[in-house]
Amino acid sequence: VSCFSAEHAGALAGGSQSPMHMSCVTVPVWPLLLLSYRVMGWTPPTLHGLPVHTNTQRISSARAALVASVQTSPFEAKLKQFAPASDLPELRSQAAKLEQQLEDAVDSEDFVSAALLRDDLSELRSKDPAALADELREAMAARVREERYIEAAKCRDKLLVLRRFQPQYQLAGLWKGNYPNHGEALVRMHYQGDMLLATKVTGDEHVPAGEVTFRAELTTPYHEALITETGSEDLVGVRVEVVSLSSDGVSQQREVERFRGEGRIAARGFEHAHYVPGQLFLMDDNVIGFLWVPLGTFVVFSRVDENVEEVDPHVQVDVEADI
């Protein structure tokens, strides 16, 4: 603050010795100081407690905001909503029932109930990685049709990430099964896209080593309700129930994931080899089953520790069975 008067100014200019009447005029000096500092090439870190934001700080803040937005992307947020793998079969069974109730509500024009059922169904589907995978496949196909290949590649990459959350894509490796009239046989599971292939390591006269014994398409799990609705004749006269036993010996039926597949059968010498309808059952992390539907043959496979089990691909089992 500088205090002086107009008379004082005139006295200074004209040399008058008249008395001076002082008045005070407030002049903010810190912007002038800041300007002079910057002209000299130096910027003070703070002035009277006021922060000075530099370009570097603004860039750092923008970068932090960008990282935060990537870390909380909608796709990653959806991944955190998924139900545990063990809960997926029951969740999908509930979703199938809601779908049927929703159709009934729409057919009867009960739109209030339909809206409530739609919301419940949407919540269940948000917990199912397979539902999100279906959406991404549709989006990828649309992008390809529109020749938007960069966006299609992004959809593909997200589908690959989703595989980590789906137990049907965790089956690669060596498995051991007990075929009726065959005895134990080793098979190796591997993938071609969304198709699971089980190739025989232990062969026989009907299906030799190196040939596929069954295969399954993994994109769409299905359930009893879907089989009934579609009128599929694949499972006529065949029903498989998975039962778990508690420590006190009480049995309880439980839902397991299932997938459509095909099992191979052949005559001796691998003659007339062909596929018949089948089903893959995911019963546990280390236990699966496959059903050859026309034969009513169900084979249970357990995962093999390849560091322990010795594999002899030349072992042949001379039996009359045809799978």
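Before reading on, note that the structure itself is shown above.
Residues numbered from 1 in each chain as written. Predicted model: local features only at pLDDT ≥ 70, side-chain atom pairs only at ≥ 80, totals over all residues. Heavy atoms only, no water.

### What to know about the overall build of the chain
Now for step 1: Of the regular secondary structure elements, the chain holds 9 helices and 16 strands.
Now for step 2: For the chain, with 323 residues in total, the buried portion stands at 33%.
Now for step 3: Summarising the internal contacts of the chain: among those between residues at least 6 apart in sequence, 53% fall at separations of at least 24.
Now for step 4: Summing over all exposed atoms, the chain offers an accessible surface of approximately 19,900 Å²; the carbon and sulfur share of this is 55%. (Helix = DSSP H or I, 4+ residues; strand = E, 2+ residues; numbered from the N terminus. Buried < 20%, exposed > 50% of the residue type's maximum accessible area, 1.4 Å probe, protein only. Contact = heavy atoms within 4.5 Å. Areas by Shrake-Rupley, 256 points an atom, 1.4 Å probe, with all protein chains shown as cover.)

### Focus on the pattern of salt bridges
Now for step 1: Overall, the coordinates contain 17 salt bridges when judged by the stated rule.
Now for step 2: Here arginine 188 and glutamate 306 are joined by a salt bridge, their closest N and O atoms 3.0 Å apart. One end of the pair, arginine 188, is in strand 6 (residues 183-192); the other, glutamate 306, is in the loop between strand 15 (297-303) and strand 16 (316-317), and 118 residues separate them in sequence.
Now for step 3: Take arginine 188: its relative accessible area is 32%, and that puts it in the partly exposed class. (Salt bridge = Lys/Arg side-chain N within 4 Å of Asp/Glu carboxyl O.)

### Points about the sheet that holds strand 6
Now for step 1: Overall, antiparallel pairing links the 8 strands, which are arranged 5-6-7-9-12-13-14-15 in a closed barrel. Pairwise comparison of adjacent strand axes, ignoring direction, gives a mean angle of 30 degrees for this sheet.
Now for step 2: Judged from the 6 bridges that link them, strand 13 (residues 271-284) and strand 14 (residues 287-292) form a sheet pairing that is antiparallel. What sits directly across from glutamine 279, in strand 14, is leucine 291. (Pairing = 2+ DSSP bridges. Axes fitted to C-alpha atoms, helices over the stretch in contact; angles between N-to-C directions.)

### Remarks on the nonpolar core
Now for step 1: Judged by nonpolar contacts, the single largest core of 22 residues is most densely connected at Met189, Phe214, Leu280, Ile288, Trp292 and Phe301.
Now for step 2: The set of elements that each furnish at least two residues to this core consists of strand 5 (173-179), strand 6, strand 7 (195-200), strand 9 (212-217), strand 12 (257-267), strand 13, strand 14 and strand 15.
Now for step 3: In contact with phenylalanine 301, other than residues within four places in its own chain, are Trp175, Lys176, Gly177, Tyr179, Val187, Phe214, Asn286, Val287, Ile288 and Phe290. (Core = buried A, V, L, I, M, F, W, Y, C linked by side-chain atoms within 4.5 Å.)

### With respect to helix 6 (residues 111-125)
Because each turn of an α-helix spans 3.6 residues, side chains separated by three or four positions in sequence point in the same direction.
Now for step 1: An ideal rise of 1.5 Å per residue puts 21 Å on 15 residues; helix 6 measures up with 20 Å between its terminal C-alpha atoms.
Now for step 2: Three or more residues of helix 6 are buried, namely Ala114, Leu117, Leu121 and Leu124. Seen along its axis, helix 6 keeps its buried residues to an arc of 85 degrees; they face one direction. Away from its buried face, by an angle of more than 90 degrees, helix 6 presents the exposed residues Val112 and Leu116. (Expected span 1.5 Å × (residues − 1). Arc of directions from axis to C-beta.)

### Some words on the pairing of strand 5
Now for step 1: Of all the 7 residues making up strand 5, 5 are buried; the element is thus mostly covered by neighbouring parts of the structure.
Now for step 2: Direction of pairing for strand 5 relative to strand 6: antiparallel, over a ladder of 7 bridges. Looking at strand 6, one finds that glycine 173 is bridged to methionine 189.
Now for step 3: Taken together, strand 5 and the strand that follows it, strand 6, pair antiparallel across an intervening segment of 3 residues, in which asparagine 181 is found at a positive phi of about 65 degrees.
Now for step 4: Relative to strand 15, strand 5 runs antiparallel, the two being bridged by 3 bridges. In the strand pairing of strand 15, glycine 177 is matched with phenylalanine 301.

### Overview of the packing of aromatic side chains
Now for step 1: What the rule picks out here adds up to 9 aromatic pairs.
Now for step 2: Residues phenylalanine 214 and phenylalanine 290 carry aromatic rings whose centres are separated by 4.3 Å and whose planes lie at 15 degrees to one another, so their mutual orientation is stacked. With phenylalanine 214 in strand 9 and phenylalanine 290 in strand 14, the pair connects residues that are 76 residues apart, well separated along the chain.
Now for step 3: The buried category is assigned to phenylalanine 290, whose relative accessible area is 0%.
Now for step 4: Each member of the aromatic cluster is reached from another via a ring pair, and the members are Tyr179, Phe214, Phe290, Trp292 and Phe301.
Now for step 5: Lying across the ring of tyrosine 179, lysine 200 places its NZ or CZ 4.7 Å from the centre.
Now for step 6: Of note, arginine 215 hangs over the ring of tyrosine 275, and the distance from its end group to the ring centre comes to 3.7 Å. (Phe/Tyr/Trp six-rings, centres within 6.5 Å; stacked < 30°, edge-to-face > 60°. Lys NZ or Arg CZ within 6 Å of the ring centre and 35° of its normal.)

### Things to note about the side chain of glutamine 168
Now for step 1: Assignment of secondary structure puts glutamine 168 in the loop between helix 8 (149-162) and strand 5.
Now for step 2: The contacts of glutamine 168, once residues within four sequence positions are left out, are Tyr191, Leu218, Glu257, Phe259 and Leu282.

### Focus on the layout of surface pockets
Now for step 1: Considering only enclosed or pocket space, the second largest pocket measures out at about 430 Å³ in volume.
Now for step 2: Among the secondary structure elements, those contributing two or more residues to the lining of the second largest pocket are helix 5 (88-107), strand 13 and strand 14.
Now for step 3: Ranked by residues supplied to the lining of the second largest pocket, first place goes to strand 13 with 3 residues. (1 Å grid on protein atoms, 1.4 Å probe; cavity = no way out; pocket = protein on both sides within 12 Å on 5 of 7 lines; lining within 4 Å. Points joined across faces, edges and corners; volume = space filled by probe spheres on them.)

The quantities given are spatial measurements derived from coordinates; they are silent on function.
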